[in-house]
2 protein chains.
Amino acid sequence: MNETIKTLKNHRSFRSYLDKDVPEELLNEMIESSQAAPSWINGQQVTVIAVKDPARKQKLAELCGNQAHIKEAPVFLIFCADFYRAQLAAEKENVTLEALDDIDALLVGAADVGLAMGNAIAAAESSGLGIVPIGGIRRNPLEVIELLELPKYVLPISGLCVGYGAEDPGQKPRLPKEAVYHQESYNSDLQKTINTYDETYSEYMKKRTNGEKDTTWSEAVTSFYKQTYYPSIAQMVEQQGFTCKNIKKL
Amino acid sequence: MNETIKTLKNHRSFRSYLDKDVPEELLNEMIESSQAAPSWINGQQVTVIAVKDPARKQKLAELCGNQAHIKEAPVFLIFCADFYRAQLAAEKENVTLEALDDIDALLVGAADVGLAMGNAIAAAESSGLGIVPIGGIRRNPLEVIELLELPKYVLPISGLCVGYGAEDPGQKPRLPKEAVYHQESYNSDLQKTINTYDETYSEYMKKRTNGEKDTTWSEAVTSFYKQTYYPSIAQMVEQQGFTCKNIKKL
C-alpha cells in the first residue's frame, strides 16, 4: 500500500481543532489539487470560497445548524457547483445554454464538487491537516447564498472545515464491500449484508458512547431520511437559475 | 509537495491502454479507498460495478457514444448514486423515506459519487494506473440501467476506464486560480480572467492538434451546453424513484 492509498484509507472526520493557523502554502496545495481533478467536459464546474473571518465563520456556523467546529476551524471552505462561468462564456459567444434547464446540470455540478473536494481532502490529510465536510451548508441555503454573494448558476453543495485536528475521532466502520461493489451487474440481494453491518455499527456506537447509544445504521439513516430534512433546497435550485424544466414536464 | 499532492496534481485522462490486466489487489485498493471517502450522514450513497467481460464492455462502449477506450480498458467501473440500501433500511424499520422525493437526494448522491470516484482515481494514479471518467454513461441511461440491472433508487453517474495508459495525453490547462477560488465572498467580476484563459486554451488546442483547431474554452463549453445533450436524464431520475416533488410544485 503506497502513501497515497494509506492517506485515503485513513480518512476520519475531525470536529475539534487546535488553535493553529493553516499555512497559506498548504491551502494553496489543496486548491491546486482540487483544480487538477477531472470535470465534466472540462467545464470546471466548481468554485471554492475560503472564509477565515471569525464573524463570518460564526454566522456560517449558525446557518449550518450551530456547528461550533465551523467557528473553531481556522479555515472554512465552501465548495459550490458553478455554471456562472459557463454563463459568462455564453454571453461572450452570444448563445443561450439550454442545458442549464436540464436536471443533469445538478448531477454534473454536484459530482464535480465531490471530485474537487475529495482532492482537497486528500491533499489536506496527506499534509497532516484534519477536515470535516459540512453538508449543513444547505440547511439555510438562501441565507448562505446572500452572505457569500453567490451569483446565479452557483449552488453551495458542501462546506469543509480545515485545521489541525485536536483529538483523533477514530474511523466509523463502513458497509461490507459486497454491499457496495458488484461484478458485471448489480446484486440486489443485500438485506443480510445490511443486517450484519447494522450489528457492527451498533457495537461501534456502544463503544463510542460508553454504552449510551446502540443505534444501528438502518436506524440512523432512516431517522434522517424519513422527512424532508432541508426544506429550501428546491427553492435554492430554482432561484439560482436551474429550472429543471424537463422534470417539471414529466 | 508530498507524493499524494504530486499524484493529485499530475492527473491526466488516458483514452488508450496497454493490453495488460489490472491486478486484483490494486482494484481492491481502489474500492477500499472509495469506501473510505466521507459521505453525507455516513449514508454511503455510492455503488461501484466492475465490468470486465468484453461483450458487456463493448455494449457499454456503444451506449456511451461509441467510446472505443471503454472496450480497450481492461476494467470499466460504473459509479452509481445509490439510495437502494437506504430503502432496504426503511423497509426494515417500516418507515417511508420522504427525503428521496426531494431534489436534495440527487445533489447528495452525485456529490458522494464524486468523492468516492475521486478517491478511486487517486488510488489508481498513485499506483501507476491510468484512468478516464466517462460521463457518457448517462447518454443512454435507461439501457445502462437495464444492462447493469440497477434497482430503484440507483442512478449511473459516471463510468471510469481503468488500465495501464498507452501514451501520456498531457494535461489540459485549467482556469486561472482567481476564477475558481475566492476569499470571504464570491467575486463575480470574471470576464477578463475567462478571456485570458480562452487564449491559453486556444494556444493549447493549436499545439495539440498541430494547428488544426484553435477552439477557446468559451467556445467548447457553450457549443456543448447550448442544447440539452442527453435527453433521457429526467426520465432516468423519475423511473429510478426520485420524484423531485418539491421542484414540480414550484
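About the criteria used
- Residues numbered from 1 in each chain as written.
- Chains lettered and ligands numbered in written order.
- Predicted model: local features only at pLDDT ≥ 70, side-chain atom pairs only at ≥ 80, totals over all residues.
- Heavy atoms only, no water.
- Least-squares fit on C-alpha atoms with pLDDT ≥ 70 in both.
- Contact = heavy atoms within 4.5 Å.
- Buried area = accessible area lost by both parts, 1.4 Å probe.
- Salt bridge = Lys/Arg side-chain N within 4 Å of Asp/Glu carboxyl O.
- Polar contact = N/O pair within 3.5 Å; in protein donor to acceptor, adjacent residues only side chain to side chain.
- Pairing = 2+ DSSP bridges.
- Helix = DSSP H or I, 4+ residues; strand = E, 2+ residues; numbered from the N terminus.
- Axes fitted to C-alpha atoms, helices over the stretch in contact; angles between N-to-C directions.
- Buried < 20%, exposed > 50% of the residue type's maximum accessible area, 1.4 Å probe, protein only.
- Lys, Arg positive; Asp, Glu negative; His and termini not counted.
- Expected span 1.5 Å × (residues − 1).
- UniProt positions renumbered as here; feature names shortened; annotations may be inferred.
- Phe/Tyr/Trp six-rings, centres within 6.5 Å; stacked < 30°, edge-to-face > 60°.

> How do you make sense of the relation of the copies chain B and chain A when you look at a structure like this?
Comparison of the two chain copies shows a relationship of rotation about an axis with a shift along it. Once chain B has been moved 0.0 Å along the axis and rotated by 180°, it coincides with chain A to within an RMSD of 0.0 Å. In the structure described here, the two chain copies are related by an operation that fits a two-fold rotation axis. By residue overlap, the copies meet face to face through one surface: 100% of the interface positions of chain B are interface positions in chain A.

> Please clarify how the interface of chain B and chain A should be interpreted in this entry.
Buried accessible area, meaning the area lost when the parts come together, often serves as the stated size of an interface. Contact with chain B, which involves 124 residues of that partner, is made by 124 residues of chain A. Of the roughly 10800 Å² buried at the junction of chain B and chain A (both faces included), carbon and sulfur atoms supply 60%. A per-residue breakdown of the area chain B buries against chain A is headed by Glu 184, Tyr 186 and Tyr 225 of chain B, which together make up 8% of the total. Here chain B is connected to chain A by twelve salt bridges. In this assembly, chain B and chain A are joined by 66 residue pairs in polar contact (both at pLDDT 80 or more).

> I'm lost on the sheet that holds strand β2 (residues 75-82) of chain A in this one. Help?
Pairing within the open sheet is mixed, and its five strands lie in the order β3(A)-β4(A)-β2(A)-β1(A)-β5(B). Because the sheet does not close on itself, it has two edges, and the strands there are β3 (130-134) of chain A together with β5 (181-183) of chain B. Neighbour-to-neighbour, the strand axes of the sheet open up by a mean angle of 25°, direction not taken into account. Bridge count for β3 of chain A against strand β4 (residues 154-163) of chain A is five bridges, and the pairing is antiparallel. Across the sheet, residue Pro 133 of chain A finds its bridge partner in β4 of chain A, namely Leu 160 of chain A.

> How should I be thinking about the side chain of Asp 102 of chain A in this particular structure?
Within the element layout of this structure, Asp 102 of chain A appears in the loop between α5 (84-93) and α6 (104-126). Within the buried core, Asp 102 of chain A has no salt-bridge partner, and the shortest N-O distance to an opposite charge, that of Arg 138 of chain B, equals 7.9 Å. Side-chain polar atoms of Asp 102 of chain A contact the backbone nitrogen of Asp 104 of chain A, separated by 2.7 Å. The contacts of Asp 102 of chain A, once residues within four sequence positions are left out, are Asn 246 of chain A together with Thr 228, Tyr 230 and Ile 233 of chain B.

> Explain helix α2 (residues 24-36) of chain A here, please?
Between its first and last C-alpha, α2 of chain A extends 18 Å over 13 residues, near the 18 Å set by a 1.5 Å rise per residue. Within the sequence span of α2 of chain A, burial applies to Leu 26, Leu 27, Glu 29, Met 30, Ile 31, Ser 33, Ser 34, Gln 35 and Ala 36 of chain A.

> I would appreciate a short explanation of the pattern of salt bridges in the present structure.
Side-chain pairs of opposite charge can arise whenever the charged atoms involved come near each other. All names here are of chain B. If you walk through the whole model with that rule in mind, you get 26 salt bridges over all chains. In this structure, Lys 245 and Asp 101 form a salt bridge, with 3.5 Å as the shortest nitrogen-oxygen distance. Taken together, the residues span a long stretch of sequence, with Lys 245 in helix α12 (residues 245-249) and Asp 101 in the loop between α5 (84-93) and α6 (104-126) at a distance of 144 residues. A residue is classified by how much of its surface remains accessible, and Lys 245, at 45% relative accessible area, is partly exposed.

> Looking at this model, I keep getting lost on the UniProt feature "domain: Nitroreductase" (unreviewed entry) in chain A. Mind explaining?
UniProt feature "domain: Nitroreductase" (unreviewed entry): in the numbering of this structure it lies at residues 9-164 of chain A. Span residues 9-164 of chain A is 45% helix and 19% strand, its end C-alpha atoms 19 Å apart.

> Got a minute to help me understand the packing of aromatic side chains in this structure?
Given two aromatic rings, their pairing is described by the distance between the two centres and the angle made by the two planes. For the structure on display, the rule yields 28 aromatic pairs over all chains. On the numbers, 5.9 Å between centres and 85° between planes, the contact of Tyr 153 of chain A with Phe 242 of chain A is edge-to-face. Of this pair, Tyr 153 of chain A sits in the loop between α7 (141-148) and β4 while Phe 242 of chain A sits in the loop between α11 (233-239) and α12 (245-248); the two residues are 89 residues apart in sequence, bridging distant segments of the chain. Plain terms: the ring middles of Phe 224 of chain B and Tyr 225 of chain B are 5.9 Å apart, the flat faces sit at 80° to each other, and that makes the pair edge-to-face.

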